[in-house]
Each structure stands twice: as structure tokens, then as C-alpha cells.
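# Structural features, examined
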Amino acid sequence: MIRTFLTHEVRETKDLEGLWEFYTMDEDGEKACKYNLMVPGCWENHPELGRYRGKGVYRKKVILDKNANIRFLFQGVSHTAEVFFDGIKRKEHYNAYTAFEVLLPGIEKGEHVLEMIVDNSFTSQSSLHIPNDYYTYGGIIRPVVMEYIPDIFISGLQCIPHYEEGVWKISLEVQIENLLNIPVSVLGELCVAQTKVIMESADVLGTVKWKQDIDVPGVFPWSPQNPALYTIKMQLKDQAKVLDDLIDRVGFRVVTIEKERIFLNGEQIFFKGFNRHEDFPGSGCSLSFGEMNRDIDLILSSNANLIRTSHYPNDDRFIDLCDEKGIMVWEESHARGLTQEQMMHPDFRKQSLDGIEEMIESHRNHPSILIWGLLNECASDTEYGRICYTEQIQKIRELDQSRPVTFASDRHYKDSCFDLADIVSMNIYPGWYGEEEPGAMADSLKDWIQTTGGKDKPFLISEFGAGAIYGYRSLAREKWSEERQKDIIECCISQLMAKEYISGCIIWQFSDCRVTEEEWALKRPKSQNNKGIFDQYRRPKLAYETVKILFEQER
Ligand code: ADA
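Residues numbered from 1 in each chain as written. Predicted model: local features only at pLDDT ≥ 70, side-chain atom pairs only at ≥ 80, totals over all residues. Heavy atoms only, no water.

### Side note on the pairing of strand β4 (residues 55–64)
Sheet analysis places strand β2 (residues 18–25) next to β4, joined by four bridges and oriented antiparallel. Opposite Tyr-23, over in β4, you have Val-57 as the bridge partner. Relative to strand β10 (residues 110–119), β4 runs antiparallel, the two being bridged by 10 bridges. Bridge pairing links Lys-60 to Leu-114 in β10. (Pairing = 2+ DSSP bridges. Helix = DSSP H or I, 4+ residues; strand = E, 2+ residues; numbered from the N terminus.)

Put into C-alpha cells, the structure is as follows:
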């Protein structure tokens, strides 16, 4: 299951979920030990591979019942993948958290072998996956699907809603691809809500894009209170026969900014949010659908209305659930805490820009995603850092102008990139890393922001929080006790929500998560970042009830 709804009724697809052969690889690149591992899944879930860092080979036989063009869609492989089909290398991909595909035209009926070398090690070619305050797991962590692709097919569908003169509209962009060397005449038919559009018939050779603006009358807007979703069905036809189809969903909503305020469909919003890592004991970063759904329910039960996908794009199914249950999302491209020197890594530029492109290409139709984020706590106070922020923000805007862009900064009193973003976001830890008063700290940062390129822009507190070890209770309310975490969270939320100039505050973090041993384990009890309001098993800490009460307040 790659999405929570059916994405094709005409195109044949096969989910490759299940047990795959898996071999660890030794230093000479030879297969070492054999296992049968679940896909999707992390190899750390196997009792012998709990800390395995290195390369492994996944292997799956696939049987085609006819000659066909085949496309494999990999929703996420952590973190580097080399894909082989019948022994021939077809693709390389870097970055655990974005989808990629392998298209194989003209494959014969019968049995074939799909193999993938997966590497989760921190090699010199890896600029984004580095030892960090979260764990880089290994494996095919998100679903894999095999599709039978017709010679001419729909390779992309973009629908961006907007509202003009009392009518909801969609800016559509449909991408058609013809694998044959001769032009083929086709037409497109699109249905959304009560609207049906016949798109121009065209002789397609290679790749073409159809663009059209359509009116969609009679629809309800998407909002957290009423997350109305509409199915959008695109079919490709040759006279009477349907050749191919693609189904997605659209929610009608617009995000706008006016001076310091953020509006959803014209109404001012305040974000009460959680930062969340994809992590669960026994599942690693490859949570089951049920585990994702439970997280969403816990988030809703805490009265939060936003999730920040710190610090990488999330599983499509999780975002589907946010679309369905009305949770607003700040989705960010993968990067955390890189110094200027780390940003100068020779592969950083390409790896980040590819990640941004893949994130937006695959997630732009999700109505719940209201904000694009990037480069959490990187070198936004340096000259070279600014070059990277500029280029990456430009890239985001080239791909999508319908959402504001932000980045979470910890460069207090020295950030030099706020002018580049639409929203200023700062991570602060009053009461935990320092003894500041949250309100006073926010006031002082706000005053300074007014002297920078962030002047008059909306201001979010993108992280605040405190560590607590589940079950550690103390009358002395020491650091790491649940009591102390509760005190800090209470003080932060109540003071920050009272500041009119703040447009949202996002707790670090939803639940405890595993951290990389290298460089981190000794700073993090039990090798976990313990600032979760829930522990790693989703048991609520004392602070949960406090969050629930404070987030219930209007703002
Ligand atoms: C940072 C960072 C998070 C996490 C947090 C913490 O602000 O963005 O990833 O490391 O601090 O727990 O200290």
C-alpha cells in the first residue's frame, strides 16, 4: 500500500510488499549472511542486525505475465540504492526519504530478478546522512510497487488550487510520456468533483505537458475543522479506449501571508505543533500504517494542529492521513545541523537540490502541506551558507509558488538569511539548554529580527522543549525528570502563545527517538533524544496532559 487510496483503476500495479531475500555484504563486496527481511522495513528490526551499518543486497524474483514496459516505484530506500534488473545496473539513488523510479521498457514475459544494493554507512559520498541526533536506519524503508506501463502513459499530475472571484480553481499540469519513436494521438479526460474536462487531443512524441486552469464550482474548502478532499481522476484515451490513468486527491485551500500573519483561506491561523521523527522501536523509521495512524490520533488528542516533518520528507501515507484528518504540515527537505564546512561537501549541492525536487514533485498535491522547509539549523550565518540557502529556496520557488518557505534557525542574533524566506522560524530552548524566560527570550529575538531581512515577516518558534526519561519522577524536579519537562513545556507554551507577534509554536518533539551512536549516544541517555512528550513506545509523559490543556486554548 503506497497511498491510503487507489491511485490507478486502469494501470496494472503490483505491491511488492513481503519478504525479500537479504544478504549482508562483506568488505570485498561479497554476499555474507543470508536473511529474509520484510519490505518495507529496516534491517535493524532483525535481531542480528540491530546496529548493522554497511551494505546489504535485497533480492526479489518478479514474474511478468506478458511482455511489458515495467516501472518500479521506490518510495524510500535508506540511504543509498543501486538498482539491478536481471543483473544489469539500472539506477543509483541517494537519500532515504524521497521517492524514485526505474522505468524499464520492453521487458519480456517470464521470471526476472530485481536486486538492490543498499548502503546506510556514513561514507565520504554522503553529505546529508551523517551521524546525527536521529538514526539513519538501513533498508527498503518505504513501499515498492511494480507497474505495467502502456507505451504512452501519464507520468505526472500537478494540481494547485487557488481561489479567484468567489470560485475555486485548479492550475493543472499533466505530463504525458510516449515510449515509442512515433507520434501518437491521444486525448485526456479529467474529473474532479462535479467538473469534467476534456484536455486537448495531441500528437505526443517524447514528453509533453498539458497545462490548463479549470474552475471547480461547488466544492468545500479544506481546513483542519473540515478536511474536505476530492478525488481527481485523469484518464488518457485513444478515441474510445482508456490507455492509462492516474488518481490523486485535491483539497481546496490557499495559504497567504500578510505582514506578520499567516492565513488559511483568509482566516488567520496559529500553529500548535509537534516536531516528529519517523521512529518506533521494532519498526525503526519504517512505521506500519497502523503505527502512523496511532501517531496521528495522539497528535490530535494533544490538541495540536500541525506537524513539522523534522528533518526530512515523510512517508506519503502519513501525509495522506494528515490530509484526511486535518493536520497541517510543515514538510522539510532533508538536512540537520550542517556547518559551513559540511555544506561545502562536494556532493551537498546536488544531493540537496535533488532531494528538494523529489520532495516537491511527489508531495505537492497534498493539501495538508502548507509550508516548505529546508536546512534545519545549518550555516545560515555564513557567506557560503547564504549561497546554499539562496539556491535551495530559489529551487523550491521554481517548483511551487503556492506555499510559503521557511527554515528553522538557531543562529540567534547572527542569522543572515531571513530576507530569503517568507516566514522567520527560530529554535529556542529556554529552561533546558539555558535559563532564559521564554517570553523575554522571544521578545528580544523579535526585536533583533526587526533589524534584519526578517522584519515584518511572520515569526514561528519552530522548536522548544526539554528532556525527560519516561518514568523518572522526582520531587526535586531535576533535569531529565518528567516533572521538570512538564514545568518547562508549560512555561514555554503559556508564555509563547500569549505573544501576539508569534504565529505558532512547535514542540520538540512528539516522541523520543533513537540517535546515532557516533557522536551522539553519550549526550543522549539510552541513545535516545528524550525530549518527546511521549516516550518511544508512545507512552505519555507528565507533560502530555499539560500540552493537551494549553493547546486547547484559542489563539
Ligand atoms: C535542535 C535540532 C533537533 C534536536 C534538538 C535537541 O534544535 O533541530 O534536531 O537536535 O535541537 O534535542 O537539542
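Continuing now.
### Here we look at the sheet that holds β10
Read from one edge of the open sheet, six strands run β3-β2-β4-β10-β7-β8, paired in antiparallel fashion. At either end of the open sheet lies a strand with only one pairing partner, and these are β3 (31–39) and β8 (88–94). Taken over all neighbouring pairs, the strand axes of this sheet differ in orientation by 25° on average, direction set aside. Pairing geometry for β2 and β3, over seven bridges, is antiparallel. Residue Tyr-23 lies in a different strand from β3, and its bridge partner there is Lys-34. (Axes fitted to C-alpha atoms, helices over the stretch in contact; angles between N-to-C directions.)

### Examining the site of the ligand
Near the ligand lie 13 residues; those nearest to it are Asp-133, Glu-377, Tyr-433, Glu-463 and Lys-531. In the environment of the ligand, an oxygen atom lies 2.7 Å from a nitrogen or oxygen atom belonging to the side chain of His-311. The side chain of Trp-508 places a nitrogen or oxygen atom 3.5 Å from an oxygen atom of the ligand. For the ligand, whose accessible area on its own is 320 Å², the fraction buried by protein is 96%. Within the shell around the ligand, the residues separate by chemical class into three nonpolar, four polar and six charged. (Near = heavy atom within 4 Å. Polar contact = N/O pair within 3.5 Å; in protein donor to acceptor, adjacent residues only side chain to side chain. Areas by Shrake-Rupley, 256 points an atom, 1.4 Å probe, with all protein chains shown as cover. Nonpolar A, V, L, I, M, F, W, Y, C, P; charged D, E, K, R; others polar.)

### So, the pairing of strand β25 (residues 328–332)
Buried residues dominate β25, accounting for five of its five residues. Residues of β25 alternate between two faces, with Met-328, Trp-330 and Glu-332 on one and Val-329 and Glu-331 on the opposite face, all of them buried. Pairing of strand β24 (residues 306–308) with β25, which is carried by three bridges, proceeds in the parallel orientation. Counted as the bridge partner of Arg-308 is Trp-330 from β25. On the question of chirality, the crossover connecting β24 to the parallel β25 by way of helix α2 (residues 316–325) is right-handed. Pairing of β25 with strand β26 (residues 369–373) involves four bridges; the strand directions are parallel. By the bridge assignment for β26, Trp-330 is matched with Ile-371. (Buried < 20%, exposed > 50% of the residue type's maximum accessible area, 1.4 Å probe, protein only. Right-handed = clockwise from strand over helix to strand, strands pointing away.)

### What to know about the pattern of salt bridges
According to the stated counting rule, one finds 50 salt bridges in the structure shown. A salt bridge links Glu-391 to Arg-349; its shortest N-O distance comes to 2.4 Å. Taken together, the residues Glu-391 in helix α5 (residues 383–399) and Arg-349 in helix α4 (residues 348–363) connect sequence positions 42 residues apart. Residues joined in a network through salt bridges with shared partners are Arg-3, Asp-248, Arg-249, Asp-316, Asp-320 and Glu-324. (Salt bridge = Lys/Arg side-chain N within 4 Å of Asp/Glu carboxyl O.)

### Some points on α2
Extensive coverage of α2 is indicated by the burial of eight of its 10 residues. Of the residues making up α2, those classed as buried are Asp-316, Arg-317, Phe-318, Ile-319, Asp-320, Leu-321, Cys-322 and Asp-323. Residues of α2 that are buried sit in contact with β19 (241–250), α1 (289–301), β24, β25, α4 and β26. Its side-chain oxygen at 2.9 Å from the backbone nitrogen of Arg-317, Asp-315 defines the N-terminal cap of α2. Directly beyond the C-terminal end of α2, a positive phi value near 80° is found at Gly-326. (Contact = heavy atoms within 4.5 Å.)

None of this, on its own, says anything about what the molecule does.
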